[in-house]
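# Reading the structure
One-letter residues, chain by chain:
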Amino acid sequence: MSLSVALNTARSSLLTTSTQIAVSGANTSGALDPSYSRKIAMSVTAGDGSVRIVSIGRAADTSLYYRMLDATSRTAASQARLEGLDKLHQTVGDTEDARSPAARLGKLLDALNQYANAPQDKVLAGQMLSQASALVTTLNEAAKTVTTTRQEADAEIAKSVTRVNDLLAQFEELNRAVVKGTATGADTTDLLDKRDAVLAQISEEIGVNVVTRENNDMVLYTDGGVTLFETSARKVEFTPTLVYGATTVGNQVVIDGVPVTGNTTMPLRSGRIVGLMEVRDVTTVAYQNQLDEIARAVIEIFDTGTAAGGLFTQVGLPAGGGLRPGLAADIRINAAYDPDQGGSLDELRDGDTNPTGDASYSARLFDLVDRFNAIRGFDPAAGIQTSGSLADFSASSVGWLEARRSGAKTDAAYQETVLARASDALSTATGVNLDDELALQLQLERSYSAASRLIAVIDEMLRSLLEAVR
């Protein structure tokens, strides 16, 4: 080997090793960044023995990355469901608190039984009225919680849509840079990492499917099949529902003019928006129906057709009006029964059937107890049993809510575990192992040192040769 060939080999080795050390240093710096992929300097050896860097690539595992995106979307959806159910759980509370509608109904029935057995006792009459008032308060507050939960879910959907549009704008800019850089042969590894990080954030809000085309160009579809990004970002639209009532139907999310939530042929299947939509349009609506059915049954049980009306009534109900949606929010104590509103405690005992005002008259009270325990029908829209006593129905409502919450908690924990394992697997395959990286740096330093020594030896030989020629 001539000295010039040896010098060229040593010089190329020195330059290549310098680049590899720089790449390894960047890997070490990015080791703690979850969106960073390990970079690899690709080298080739030419026929003359020289070595050079042809490109800088990155460690990647497409299948693991897509699995992580799917797990991210599913976890976000399950977490949104759980948060909504946790808010509704406030209407039930701890079982020892006995402040759920079912518990209040049980206390009301006990007070009514005690009053029926001692109809002349004003204290028992007052206690019965107190329990009735507590039930009204519980139903009113539960209905308010449902409405608030729906409103908050709607507001969060609006925030999610805004975030998706912002992220799609970032994705478009990065994707354009990646395509251009790939086409010109530039190093796009950092851009690819940034694009992947933005895509992961998008998947938190909306389930996505990815297609990669020439020059690393990406096309995004929702998991329902609607185009989300192709060359340019599609517009994701949502109009917040400002006023919520018992019959309010919330607005839907639309992508490029195509509805992707609600009753549609291409619905989203995962992502935070899906969980929020389920809370807003399914869970809370069913629970509101259950509360309204409890209120309806209570009004009907105590309305025996007397001139004063029943113990319970609806606020703002016009004369001759019937029952309407939103009963749980509108139910009130009839002023004719409440001394604080100018009524009489005896009205429940006497009604129109005790004209003499017999203090020991209990027939009407026992009739109310029988009506309370009677089997009745319930609206299937409530999502639970359609017939049974009011006590059975109210207990089923509590059980329904707790079962859904327990299931959501289990699912959220499962999805978080799946996401953690998918992220760990991806990190293992594409992330930076500091131990391996430090070992590589030691090896590269030895190579650099060897190339430096070789250049020094060649320099000494060339100097000796020149001196001999002189």
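Residues numbered from 1 in each chain as written. Predicted model: local features only at pLDDT ≥ 70, side-chain atom pairs only at ≥ 80, totals over all residues. Heavy atoms only, no water.

In the nomenclature of an unreviewed UniProt entry, the protein chain is known as Flagellar hook-associated protein 1 of Chelatococcus sambhunathii. UniProt annotates the protein chain under Sequence similarities (unreviewed entry) with the comment "Belongs to the flagella basal body rod proteins family." (UniProt positions renumbered as here; feature names shortened; annotations may be inferred.)

### Considerations on the packing of helix H6 (residues 272-302) against helix H9 (residues 363-373)
At a minimum axis distance of 9 Å, the contact between H6 and H9 shows a crossing angle of 150 degrees. With respect to each other, H6 and H9 are oriented roughly antiparallel. Here H6 and H9 pass one another in a crossing that is right-handed. Note on element contacts: H9 touches H6 through Arg364, Leu368, Arg371 and Phe372, opposite Glu300, Ile301 and Phe302. (Axes fitted to C-alpha atoms, helices over the stretch in contact; angles between N-to-C directions. Helix = DSSP H or I, 4+ residues; strand = E, 2+ residues; numbered from the N terminus. Parallel < 35°, antiparallel > 145°, perpendicular 65-115°, else oblique. Left-handed = near helix turned anticlockwise from the far one by under 90°. Contact = heavy atoms within 4.5 Å.)

### Considering the pairing of strand S5 (residues 227-230)
For strand S4 (residues 218-222) and S5, the ladder comprises three bridges, and the chain directions are antiparallel. Looking at the pairing, valine 219 lines up with glutamate 230 of S5. Hairpin remark: S4 followed by S5, antiparallel, with four residues in the connecting loop; positive phi at glycine 225, about 105 degrees. Linking two consecutive strands that pair antiparallel, namely S5 and strand S6 (residues 232-233), is a turn of one residue; a positive phi of about 70 degrees is found at threonine 231 within it. (Pairing = 2+ DSSP bridges.)

### Overview of the sheet that holds strand S7 (residues 236-237)
If you walk across this open sheet you meet the three strands as S7-S8-S9, and the pairing is antiparallel. In the strand order of this sheet, the two ends are held by S7 and strand S9 (258-259), each with one partner. Sheet topology places S7 next to strand S8 (residues 254-255); two bridges connect them, and they run antiparallel. Residue pairing in the sheet places glutamate 237 in a bridge with valine 254 of S8.

### So, the pairing of S4
Remark: a regular strand shows side chains that alternate across the two faces of the sheet. The buried fraction of S4 amounts to four of the five residues, a majority that puts the element mostly inside the structure. Here strand S3 (residues 208-212) runs beside S4; their pairing, made up of five bridges, is antiparallel. What sits directly across from asparagine 209, in S4, is tyrosine 221. Linking S3 to S4, which pair antiparallel, is a turn of five residues; within it asparagine 215 sits at a positive phi near 65 degrees. (Buried < 20%, exposed > 50% of the residue type's maximum accessible area, 1.4 Å probe, protein only.)

### Quick word on the nonpolar core
Of all hydrophobic cores here, the largest spans 56 residues; its most connected members are Val298, Phe302, Leu311, Phe312, Leu348 and Leu390. If you list the elements that add at least two residues to this core, you get helix H2 (62-89), helix H3 (101-117), helix H4 (122-184), H6, helix H7 (327-330), strand S11 (331-333), H9 and helix H10 (390-430). The element contributing the most residues to this core is H4, with eleven residues. If sequence neighbours within four positions are ignored, leucine 311 has contacts with Met128, Leu129, Ala132, Phe302, Arg332, Ile333, Asn334, Tyr337 and Leu348. The next biggest cluster of nonpolar side chains, apart from the first, holds 41 residues, and it includes Leu69, Ala80, Leu220 and Val260. (Core = buried A, V, L, I, M, F, W, Y, C linked by side-chain atoms within 4.5 Å.)

### Concerning the pattern of salt bridges
Inspection of the entire model under this criterion finds 23 salt bridges. Taking the shortest distance from any N to any O, the salt bridge between glutamate 205 and arginine 163 comes out at 2.6 Å. In this pair, glutamate 205 sits in helix H5 (residues 189-205) while arginine 163 sits in helix H4, placing the two residues 42 residues apart along the sequence. On the basis of relative accessibility, which here comes to 5%, the residue glutamate 205 falls in the buried class. In this structure arginine 163 comes out as partly exposed when scored by relative accessible area, which is 27%. One salt bridge in this structure joins arginine 404 and glutamate 278, with 3.6 Å as the shortest N-O distance. With arginine 404 in helix H10 and glutamate 278 in helix H6, this residue pair connects regions lying 126 residues apart in the sequence. A cluster of three or more residues bridged by salt bridges with shared partners is formed by Lys122, Asp346, Arg349 and Asp350. (Salt bridge = Lys/Arg side-chain N within 4 Å of Asp/Glu carboxyl O.)

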